[in-house]
Amino acid sequence: MFKRLWSQLFALVLVVVVGLAGCSASPGGLVGNYRQDTMTVLTSLKAVLEMPDDSPDRAAAQSLARLNINDFAARYRQDPALTKLSSFTNMRTALNSLAAHYAAYPNRPLPEKLKTNLEQKFKQIELALQRNA
């Protein structure tokens, strides 16, 4: 029962996020503010990591995560002011790891080791953003 409720709640949240993303200027929901966009992508990726592997909404969440990864990379990879920030280098490392897994194994769940590494990177990114680094 809890699993079904969680699945329905996540589906509702995902529909709202996708709907809001469709109304924004950017297809991934990014607005052009580095810190805000980084937190948007982190939130999206954390939602995917926290989903059960057998969730029916997992494919939609992964698609949204891929869209956010691609949009974030395209928007910020050429900005020389950001390449020196630890939040950006950690974010780029995390996104590359996740994108590589999705490209190589689109139908397989994330390995625990990768999940753990991503969670650590996400914490480092959040701390760096709080320090403006």
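Residues numbered from 1 in each chain as written. Predicted model: local features only at pLDDT ≥ 70, side-chain atom pairs only at ≥ 80, totals over all residues. Heavy atoms only, no water.

The protein chain appears in an unreviewed UniProt entry as Photosystem II lipoprotein Psb27 from Chamaesiphon polymorphus CCALA 037. As its UniProt record puts it under Function (unreviewed entry), the protein chain is described as follows: "Plays a role in the repair and/or biogenesis of the calcium-manganese-oxide cluster on the lumenal face of the thylakoid membrane. Its presence in a photosystem II (PSII) preparation prevents binding of some small extrinsic subunits and thus assembly of calcium-manganese-oxide cluster." For the record of the protein chain, the UniProt heading Subcellular location (unreviewed entry) holds the text "Cellular thylakoid membrane". (UniProt positions renumbered as here; feature names shortened; annotations may be inferred.)

A.B. asks: Help me understand the pattern of salt bridges in this model?
C.D. replies: Pairing between side chains of opposite charge can happen when their charged atoms approach one another. Scanning the entire structure with this criterion turns up three salt bridges. A salt bridge links K115 to E112, with the shortest nitrogen-to-oxygen separation between them at 3.9 Å. Residue K115 and its partner E112 are located together in helix 5 (residues 112-130), separated by three residues, close to a single helical turn. (Salt bridge = Lys/Arg side-chain N within 4 Å of Asp/Glu carboxyl O. Helix = DSSP H or I, 4+ residues; strand = E, 2+ residues; numbered from the N terminus.)

A.B. asks: I tried to follow the nonpolar core on my own but got confused; where do I start?
C.D. replies: Note that soluble globular proteins tend to have their nonpolar side chains buried in a common cluster. Of all hydrophobic cores here, the largest spans 27 residues; its most connected members are Y34, L45, F72, L118 and F122. If you list the elements that add at least two residues to this core, you get helix 2 (34-50), helix 3 (58-76), helix 4 (86-104) and helix 5. Not counting residues up to four positions away in its chain, the partners in contact with F72 are L30, Y34, D37, T38, V41, R77, F88, M91 and L95. (Core = buried A, V, L, I, M, F, W, Y, C linked by side-chain atoms within 4.5 Å. Buried < 20%, exposed > 50% of the residue type's maximum accessible area, 1.4 Å probe, protein only. Contact = heavy atoms within 4.5 Å.)

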